[in-house]
Structures are given as structure tokens and as C-alpha cells.
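# Fold and contact review
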Protein chains: 2
Amino acid sequence: MHADVVPPPFFCPFPEAVHPDAEELERRAIEWIDDVRVHRTARERARLIGSNSAEFYARFAPTGPTEHVLTAVLWVYWGFAFDDAWCDDGPCSDDPSRFLPMAGQVQRTVESGAAPAEPYAAALHTIVTRMRDQVSGTVTRRFTDAHRHWLQNVAWQVGNRAAGRMPTLPEYLTMRLGSSGGPPTTALLEIANAIEVPPPEMDSPAVRAVTEMTQLVAALDNDLQSFHKEMTETHTDQNIITVLCHHDRLDPAAALDAAVSIRDRVLLRLLDLRERARTGASEELRTYLDGLGHAIRGNIDWAATVPRYLAGAPGTPATSVRDQPNDPNPAPLPFPAFSWWWDRSL
Amino acid sequence: MHADVVPPPFFCPFPEAVHPDAEELERRAIEWIDDVRVHRTARERARLIGSNSAEFYARFAPTGPTEHVLTAVLWVYWGFAFDDAWCDDGPCSDDPSRFLPMAGQVQRTVESGAAPAEPYAAALHTIVTRMRDQVSGTVTRRFTDAHRHWLQNVAWQVGNRAAGRMPTLPEYLTMRLGSSGGPPTTALLEIANAIEVPPPEMDSPAVRAVTEMTQLVAALDNDLQSFHKEMTETHTDQNIITVLCHHDRLDPAAALDAAVSIRDRVLLRLLDLRERARTGASEELRTYLDGLGHAIRGNIDWAATVPRYLAGAPGTPATSVRDQPNDPNPAPLPFPAFSWWWDRSL
């Protein structure tokens, strides 16, 4: 479908950065993979290593202590393995009645710190144990709640898939905010950087908004990055393009343009609010806000070469970035669930 | 089924207490009910008022500032209305693909503070607005995450119902920890008492454990309180008795005895840990720990007369309490997801 429709370079003013120990992180993560063995075949192992999760989080936390970054890296590998086995494929991926009990018990592993028998939960347990040794109870709690947000929204996506239901745009954006894995991935910034943002800062409306906007921008970037692959495979699953095509009756080129505009408007507001949140911020908050920038840029740079997004579309041009938005509209998105990001009181 | 099988008096050493403004709280809540109008008929309105939610939370927070307790009271009414319309009955109650998008968008109302059009979400919005005006961002965040925990676990219950699947005992306990509404109800203790427990205390393993144990004891008490009603109506839905009958092949009398033992063992450990958590605790934490005791006792006293549990079983004896457990066994429950509550390190 429309091989000539290609996303433009991504608006992203954050500079590229990678942790100097990226290779060591990958080597140690592969040892862990071979230890916990959630893969069943050599092909699954190669696919998991090919997620380049070490590079991914080495870009998110380029200056974190290596042992702490490793904890985040392991979770990202785990997340991809879990996604492949339970969320995007497999018998649970279109059956919420099977997905929910599995996800609920996996989530309990994070909360309880218990060592369960089921292989994915057992692998997750090794990561949670590292985490509890490295960071405070408050940081662990934030990760735990973010992890639940992710699993709940994946269940929502699974439910829509089961019902053959294409969500409306505001529903999709609400769902995608969590289902992309953004909440645990941004919660890992505190762990990877060995910080705890003071609660009055972390729970302020401005920092909550910047965190959510980062999650949405990165999630839409993943949609745009897999656009070419998905169009080639004629997927009909839920993503920003299929949602816009379906409900607004746009052709793929017009849907792509609309999607890029939504994404750029959110990022523009994020830049503004992030700068304001920096005024008078603690050192921990400044590190966290920097991390959100690294996350957006790192996600783009990682996706440019990761086999996961390129597979099936060998002719896809590598992602590049630009300094200016597609749509400089400073007005709020016209959806009540998101327009508060533009409140003047933030 | 076995009208002669009746739960024994509930082991509960906490004294009875009720807020002096309980009647005013009910009067003002009824004004709110008539304002937001989530009921469609006079019968639904009467059923909602008959939940005695004002009395319920007046027992949970007997000394909180009235305006703050009112916020909690309104949420409890809202929770019962939502339960009746979406969780226990109605087209979503056995269809996770319908429940999940609805719950996800309701949850977004709590996060975003946006005023939505859908009546239940709009009613919830009025409560969240009160909350944001009364308490800190951190307390609001805790409530928000607790609210998601509840909705996710209700979805799990809905999924099991759809699949005709009876969970195992450890799965049931994990699910029930959230699906009963325990997480938001205990999170409301901070709001109703106008306190913020300092994060290092709130996120400590001991306080997390005491909080979870309170949620489980109250949830099992609700199972036991509706035991007679459910047996009379020959319900086959998931509760501690049906789970034990199904998987352990117990008759109702033996299942009841096993359930009371589980519940009493948890409460015994809770008493021990709550006392230890009190040592050196801040005033806010002491208020919170007192609140957890009021919650367990208040839930029992409320259920003794509320029409919701008595309907259909007019001959049910009122609940009473006793000082000693059915089973004084101090050993951990033999389930990894829960045995950490007995860790010596707590």
C-alpha cells in the first residue's frame, strides 16, 4: 500500500547521546538472557537480542551508573520478550480473558517481590530484585504502578483486537499512552540514573504532563517508524494511521500528515513546559527532565537501525531528525483527556 | 444451599467508631446524587442511597474533617453506582472487550482531571476536582494508581466470568486484592483525614504489607458477608467459597472454615506488623494505621445492616465480632505472592 508514502524526518531538537558502556551492557544482558531462558529456540533468542535493548536504554540514560542502567536494559529485553510471547502474538494476543489473568499474576511479581514458577514472571523477578536493591521504595512503587498502567492498556488493545474494534482517535491516544510501554520505560529513568525525584516535584501537574507527553510522542514515533512495515504487511491492527484512516476516512498520505501534526504539536508544548519545569528544579528533577529528552531522541535513533522495525521493509529509509515542527499550532489538542497539557496553570 | 451454614462472628479487635456528622454526610451526598444523576429510575436511586456509603466512610474516617470525608463518601457512592451499572451487571459485566475501553476512559478522567460527556465519568470528575483542591499531588497520584489497580482487577474478574473460568486460590486472592475496591478505598483514608503519609513511610515494605492485608481482610469479609445471600441465590460467581469448593473439592461448610482461617491468619499478622510499624512513626502514619483498623471494623459494622448484603436473605443473622482468631497459625500463607507479608525483615 502506497510505498511512496514515507514519514518525513522527525522533529526533534534533542542531541544524540549513547552510554559509553553500551557494549558491556549488551554483553551482560545476553548472559542474563541465556540464564533466564524465556526464549524457546535459537531463532527466538536471536530475535530478542536483535531488539537492541541495550543500545535502546544506553541512549535513554547516557550518563547513568552502569549497574543501574543494566537493570533498565534487562527490563527492556524482558518487555520485548513478553510482548512477542503474550501481547502481539500467541494465544493471549486476541483473547482478553486469557491475557488478563496472566498479566495480573505477572504484575503481582513486581508488587510482591516473590519468585514465581512461570518462566516470564521468574525472569521479571530477577530484575525486580536488582531494582529493590538499587533504589528507594518510592521509586520502586512508581515503577510498579507504571508497569500496571502498561499491562492494563495492553489488555485494552487485546480486547479491541478480539472484538475487531477500531478505537476513535482520543480513545486510541489514551490507550496508546500506556500500551506502548511508555510508563515503565520512563519510570526506569529514575532507576537507570540512580535518582529519586522528590514527590512534590514528580507529582506536580507540569511534570506529570511532560512525562505523559514524552510517552505519547515516543509511542507515535514507534507508530510512524513501523508505518512502512505495517503498510507492507497490510496489517489492520490499531495504530495512529489506521485509526485516522478508519474514522476520519483519510487516505494513508493524509493520515500520515495528520499524525505527524498531532505528534509535533505535543512535542512543541512539551519543550515549552519542560523548560518552565526546569526553573528552580532540584538536581534530580533536572536529570529526569534531561532523561525525557534523551528518551525521545534515543527512541528515534534506536529505531533507525533496529531489525525489529526494518524487517519486512528493507527499502525503508533510515529515520532522520529536523529542528522544526510540521505544524507549529500552539493550541491544545481538541480532546478533553489531553487538553489539560496546555493549561496555563501548569 | 445449606441454610444452616453461617459464618462465625468476625475476629476483629478494633473498636466501633462513627463520624459524628454521618447524617449530614448522607444528606449532602444525596444532593450530589440528585445533581449528577447517574441513576435512571427511582428504584436505582433508592438502591444507590441504600448502599449506605455515607455511613460506610463515616466509619472509616471517624475523626476526619467533614469536607474531606465527604469527598471519600461521594467516591464510595460513585463506586457502587459504577459497580452496579458496569461491573456486576449490564452488558460489560461478562465482556472484557467492552469493559476495558470503558474502564480505560473512566480511569483517564481521574488522571487528566478533564470533564467528559459520559455520565459516570462526568460524575467522577466532580469528585476528582474536589480531591485535587483538598490534597497534595502525591496523595492524588496514590489514589489514581489505586483506582487503576481496582479497574484492572475488575477487568480480570470480568474476563474470568466471560470464560466461565474459576481461578485457583492464589490467583483469586491476587485478583480480589484489587477487584473488591480495596485499593481506592484505603487510598481515600489520606484524603478523608487530610493527611499525606511521608513517602518513605508509605512506600516501605511494612506499610505496603499492612495496606494490602487490610484490603484482603476486608475483601474476604465481604465474601463471607454475602455468603448467605449468594448461597441462597445459587450464584456461581467467583468468591472465596466457590473457589475453595471448586478447586479443593470442599463442601460449603469446610470451605467456609478454610476461608475464615485464611482471613484470620492474615489479620493476626496484620495486627503484629501494624504495631511494629507504629514504632517511631510520624503522626500522619499513625493516623493512617488507625484508619486501616477503622476500615476493617467499619466494613463489618456497615455490612451488618446495609440492605445490599441482606437483600434476598432476610433471615441472615447480623454480623458480630469476637476477639480471638479461628486459626492462630502464625506461619505464612503457602503462596509466593503473599508469603512476603510474613518476612522477618518487615
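As a reminder, the structure under discussion sits directly above these lines.
Quick summary incoming for the structure in this document. (Residues numbered from 1 in each chain as written. Chains lettered and ligands numbered in written order. Predicted model: local features only at pLDDT ≥ 70, side-chain atom pairs only at ≥ 80, totals over all residues. Heavy atoms only, no water.)

### Let's talk about the environment of histidine 19 of chain B
All names here are of chain B. Counted only if it meets this: Comment: elements are numbered from the N terminus, with helices defined as DSSP H or I runs of at least four residues and strands as E runs of at least two. Whether two residues touch is decided by their heavy atoms; if any such pair falls within 4.5 Å, the residues are in contact.
Mapping histidine 19 onto the fold places it in the loop between strand E1 (10–11) and helix H1 (22–36). Distance from histidine 19 to threonine 185, taken between C-alpha atoms, is 17 Å for residues 166 residues apart in sequence. Excluding its chain neighbours within four sequence positions, the residues that come into contact with histidine 19 are Leu25, Ala58, Ala61, Pro62, Thr63, Gly64, Thr66 and Val69.

### Considerations on the interface of chain B and chain A
Where the parts come together, the accessible area they lose is often given as the size of the interface. Applicable threshold: By definition, the buried area sums, over both parts, the 1.4 Å-probe accessible area that each loses when the two are put together. Salt bridges are defined by distance alone: a side-chain nitrogen of Lys or Arg within 4 Å of a carboxyl oxygen of Asp or Glu. Whenever two N or O atoms come within 3.5 Å, that pair is a polar contact, provided that in protein one can donate a hydrogen and the other can accept it, and provided that, for residues adjacent in sequence, both atoms are side-chain atoms. Three categories are distinguished: nonpolar for Ala, Val, Leu, Ile, Met, Phe, Trp, Tyr, Cys and Pro, charged for Asp, Glu, Lys and Arg, and polar for the others, with Gly belonging to the last.
Counting from both sides, the interface comprises 42 residues of chain B and, opposite them, 42 residues of chain A. Taking both partners together, chain B and chain A bury about 3500 Å²; carbon and sulfur atoms supply 53% of that area. Of all residues in chain B, the largest losses of buried area upon contact with chain A belong to Arg108, Arg141 and Gln152 of chain B, amounting jointly to 20% of the total for that side. Applying the counting rule to chain B against chain A returns four salt bridges. Here glutamate 212 of chain A and arginine 108 of chain B are joined by a salt bridge, their closest N and O atoms 2.8 Å apart. Counting every contact that joins chain B to chain A gives 14 residue pairs in polar contact (both at pLDDT 80 or more). Looking at the side of chain B that touches chain A, the elements that each hand over two or more residues are helix H5 (96–112), helix H7 (137–163), helix H8 (169–179), helix H10 (199–202), helix H11 (205–225) and helix H17 (336–339) of chain B. The greatest single-element share of the side of chain B that touches chain A, amounting to 15 residues, is contributed by H7 of chain B. Each residue belonging to the side of chain B that touches chain A can be placed in one class, and the counts come to 19 nonpolar, eleven polar and twelve charged.

### What to know about the relation of the copies chain B and chain A
Superposing the two chain copies requires a rotation about an axis and a translation along that axis. For clarity, the threshold we go by: Residues reaching a pLDDT of at least 70 in both copies supply the C-alpha atoms on which the copies are superposed by least squares.
Expressed as a screw operation, the relation of chain B to chain A combines 0.0 Å of axial shift with a rotation of 180 degrees, fitting to an RMSD of 0.0 Å. One copy is carried onto the other by what is essentially a two-fold rotation axis. When you check the interface residues of chain B against chain A, 100% turn up at the interface there too, and the contact is symmetric in its surfaces.

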